[in-house]
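# Coordinate analysis (summary)
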Amino acid sequence: QVQLVQSGGGLVQPGGSLRLSCAASTSAFAALDMGWYRQTPGNERELIATINRGGDTNYEESVKGRFTISRENAMNTVDLQMNNLKVEDTAVYYCAAGTLWRRGWAGQVYWGQGTQVTVSS
């Protein structure tokens, strides 16, 4: 029911910046909590940032101070601004939508298609 389409990603040098965007096709976007995940080969998807319907944000320690999650409800979008990128940030990044509750999600979670971010010199 909720469709998420991601844009952005690509190849960046260490210390560089990149901005990811996720557009949702739903009239109820303002009621959704949103998050960004990343995944490397052989590993589980890691939740790195969330923003709830009220605009409150949370970050995983490895990205805190470097990444910023934001939303613009009038455009049904959530962004991830990534600054001071490191080689270890290389991963496939996914946006997610649903209802955040305590440690995770309650009910259905919707996913974007994923986009590759490669940090390399």
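One can find the structure itself at the top, above this paragraph.
Anyway, here's the lowdown on the structure attached to this text.

Now for the environment of D33. Take D33: it is sitting in strand 4 (residues 33–39). For the pair formed by D33 and R102, sequence separation is 69 residues and the distance between their alpha carbons is 12 Å. Excluding residues that lie within four positions of it along the chain, D33 makes contacts with I51, N52, R53, R71, A96, A97, G98, T99, L100 and W105.

This part covers the pattern of salt bridges. Summed over the entire model, instances satisfying the criterion amount to five salt bridges. In this structure, R38 engages E46 in a salt bridge whose closest nitrogen and oxygen atoms are separated by 3.4 Å. Here E46 falls in the partly exposed class, since its relative accessible area comes to 30%. With a closest N to O distance of 2.7 Å, K64 and E61 form a salt bridge.

Strand order in the open sheet formed by four strands is 1-3-8-7, and the pairing between neighbours is antiparallel. Strands at the two margins of the open sheet, each flanked by one partner only, are strand 1 (4–7) and strand 7 (67–72). On average, each strand axis in the sheet is tilted by 15° relative to the strand beside it, whichever way the strands run. Inspection of the sheet shows strand 3 (residues 18–24) paired to strand 8 (residues 77–82) by six bridges, in the antiparallel sense. What sits directly across from S21, in strand 8, is D79.

Procedures and definitions
- Note that residues are indexed from 1 along each chain, following the sequence as it is written.
- Confidence filtering applies because this is a predicted model: local features only for residues at pLDDT of at least 70, side-chain atom pairs given and counted only at 80 or more, and all residues used for totals across whole chains, interfaces and linings.
- The side-chain figures draw on all heavy atoms in the structure; neither hydrogens nor water molecules are used.
- The way it works is that DSSP assigns letters per residue, a run of H or I at least four long becomes a helix, a run of E at least two long becomes a strand, and they are numbered from the N terminus.
- The contact criterion used is simple: two residues touch if any of their non-hydrogen atoms lie within 4.5 Å.
- For this analysis, a salt bridge means a side-chain nitrogen from Lys or Arg found within 4 Å of a carboxyl oxygen belonging to Asp or Glu.
- Summary of the burial criterion: residues with accessible area below 20% of their type's maximum are buried, those above 50% are exposed, and those between are partly exposed, where the area comes from a 1.4 Å probe applied to protein chains only.
- Following DSSP output, two strands are said to pair if at least two bridges run between them.
- Lines fitted to C-alpha atoms define the axes, with helix axes restricted to the stretch in contact, and inter-axis angles between N-to-C directions lie between 0 and 180 degrees.

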